[in-house]
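# Understanding the architecture of this molecule
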Number of protein chains: 2
Amino acid sequence: MPVGLNDQEIQVLGDVVSHKRKIQRGGYLHRTGSSFQSLFAIRSGFLKTCVLEEDGRQQVTGFHMTGELLGLDAISTETHTCDAIALEDSEVCEIPFAKLEEISRTIPSLMRHFHKIMSREIVRDHGVMLLLGSMKAEERLASFLLNLSRRFLMRGYSESEFNLRMTREEIGSYLGLKLETVSRAFSKLQDENIITVDNKRIQINDIARLRLKMGNSSCIT
Amino acid sequence: MPVGLNDQEIQVLGDVVSHKRKIQRGGYLHRTGSSFQSLFAIRSGFLKTCVLEEDGRQQVTGFHMTGELLGLDAISTETHTCDAIALEDSEVCEIPFAKLEEISRTIPSLMRHFHKIMSREIVRDHGVMLLLGSMKAEERLASFLLNLSRRFLMRGYSESEFNLRMTREEIGSYLGLKLETVSRAFSKLQDENIITVDNKRIQINDIARLRLKMGNSSCIT
DNA sequence: CGCGATTTTGACGGCACTCAAGCGCCGTGG
DNA sequence: CCACGGCGCTTGAGTGCCGTCAAAATCGCG
């Protein structure tokens, strides 16, 4: 997963990864308030992170797939600030953070890589802020689908056909919309023959026109 | 600024800070696309960061004051992903990032501190995402004012009376609202005697009721 | 097959956006 | 000194997008 490291470095890093953990669908990887010890690298599966509001409802802050790193938000307070929940059976590697810091002192490229990952998360969040702050419902959904498409492609899956792991409500929570609005936006894009929707199965028929829907060129990572 | 370092460490860090830079009101600290060399610690003043959209309009991603660190987003691509513009005459310390990484290898507490700062930025962004995704105009403005209030308090200024450095349009851009909506929300809070608004001068008369306006307890940092 | 969860679709209403007018402040120039 | 014009701010009226409420359809699963 960590790009830009040589074999030796990867091996050293491998020693840090204390053990793997399986989380079945619906299970928690960590909860808000629980103490922070480790980062988690996703080996397989699909997770969401969400913060709970006082009234019980939840806001999804991200969807995460293979190769991504979870728990970065917890470094600051040494307490997790969100829940991480598996949307399908998943497998993660636990990376004790203290060890990671220690080892990264001897491997500059690893440290640099780690810093880039944190920075990329900040850039990603800015992209989402842009989306939430200035896009309409249809633009948000287009942006979301294109983002998923790109991430599937990077992992060797089809960029034009994939299964959503999350519900309309979770998509809506992430995009700052109600589930009905998400559903309507799906239907609208389908009416225009840009995508084909069959419940959770999405097929992108015209990726160029989908990109046009999202006036903005910035693509959330 | 950096909390949690001892005197010796602070001195070492001081050596890293190559030189100070003054930016006058309206001036750029850095621009989108310019190459990344250094982080910037704000010594004094007030800056905004914003990303430009293709259509020329801009979305403000943050307001930044004394003691805060700018440029974290640029680490990932080694290119700045946003503009940083001074909203009043400001002074920053330039911190060459390569040097910071190098030195942090010998001072674990500095490295840890840096990681916490990056992590806090991620948490902050999640707070903004929550705000943009689920709050109404008045709640957003209340949240914004309380955030400013707290940050002024932390710096030894009054928490109940301060000057806004930014325009209504910039506030709106940050909060995902149009300037007219921001203005109306100010007026409404004033009508309820919760705040007193005199152009850029804000006085918080009833901080408890202002907190109530923002149903959510999460406070963006 | 039957139930609950999820999704779709429709009708309606409200909040925020758009368009527009007017005010106050301030720097410039007559 | 004062008139003028630009800019930022406020306020009003009307519109439209999206949230709310509701009902029906479909899916998933035992």
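What counts as what
- Residues numbered from 1 in each chain as written.
- Chains lettered and ligands numbered in written order.
- Predicted model: local features only at pLDDT ≥ 70, side-chain atom pairs only at ≥ 80, totals over all residues.
- Heavy atoms only, no water.
- Contact = heavy atoms within 4.5 Å.
- Buried area = accessible area lost by both parts, 1.4 Å probe.
- Salt bridge = Lys/Arg side-chain N within 4 Å of Asp/Glu carboxyl O.
- Polar contact = N/O pair within 3.5 Å; in protein donor to acceptor, adjacent residues only side chain to side chain.
- Helix = DSSP H or I, 4+ residues; strand = E, 2+ residues; numbered from the N terminus.
- Nonpolar A, V, L, I, M, F, W, Y, C, P; charged D, E, K, R; others polar.
- Near = heavy atom within 4 Å.
- Least-squares fit on C-alpha atoms with pLDDT ≥ 70 in both.
- Pairing = 2+ DSSP bridges.
- Axes fitted to C-alpha atoms, helices over the stretch in contact; angles between N-to-C directions.

Under an unreviewed UniProt entry, chain A has the name CRP/FNR family transcriptional regulator, anaerobic regulatory protein and belongs to Nitrosomonas oligotropha.

Here we come to the interface of chain B and chain A. Listed as interface residues are 41 residues of chain B and, on the opposing side, 41 residues of chain A. The contact between chain B and chain A buries some 4,000 Å² in all, and 61% of this surface belongs to carbon and sulfur atoms. In terms of surface lost to chain A, no three residues of chain B exceed B:R105, B:H115 and B:M129, which account for 17% of the buried area on that side. Between the two partners, chain B and chain A, sit six salt bridges. Notably, a salt bridge pairs B:K116 with A:E78, separated by 2.8 Å at the nearest N-O pair. Where chain B touches chain A, the interface holds 17 residue pairs in polar contact (both at pLDDT 80 or more). Among the secondary structure elements, those contributing two or more residues to the side of chain B that touches chain A are β4 (58-65), α2 (97-104) and α3 (108-134) of chain B. Counting residues per element, the side of chain B that touches chain A draws most heavily on α3(B), at 20 residues. Of the residues assigned to the side of chain B that touches chain A, the class counts are 16 nonpolar, 14 polar and 11 charged.

Here we come to the protein's contact with DNA strand D. In the region of DNA strand D, 18 residues are neighbours, and A:A137, A:T181, B:R168, B:S183 and B:S187 sit closest. In the model, a phosphate oxygen of DNA strand D is placed 3.3 Å from a nitrogen or oxygen of the A:K178 main chain. Contact between DNA strand D and B:S187: a phosphate oxygen at 2.5 Å from a side-chain N or O atom of the residue. Ranked by residues supplied to the surface near DNA strand D, first place goes to helix α6 (residues 179-191) of chain B with five residues. Here the residues of the surface near DNA strand D are counted per class, giving three nonpolar, seven polar and eight charged.

Turning to the relation of the copies chain B and chain A, a few remarks are in order. The transformation that overlays chain B on chain A combines an axial shift of 0.0 Å with a rotation of 180°, and the residual RMSD is 0.0 Å. The operation mapping one copy onto its partner corresponds to a two-fold rotation axis. No C-alpha of chain B lies nearer the rotation axis than that of B:R105, which sits 2.4 Å from it.

With that out of the way, let us pick up the sheet that holds strand β7 (residues 161-163) of chain B. All names here are of chain B. Here we have three strands laid out as an open sheet, ordered β7-β9-β8, and antiparallel in their pairing. Each edge of the open sheet carries a strand with a single partner, namely β7 and β8 (195-198). Neighbour-to-neighbour, the strand axes of this sheet turn through a mean angle of 15°, independent of strand direction. Note: β7 against strand β9 (residues 201-204), three bridges, orientation antiparallel. When the bridges of β9 are listed, N163 appears paired with R201. Contacts between α6 and the sheet are confined to β8 and β9, with β8 contributing the most and set at about 130° to the helix.

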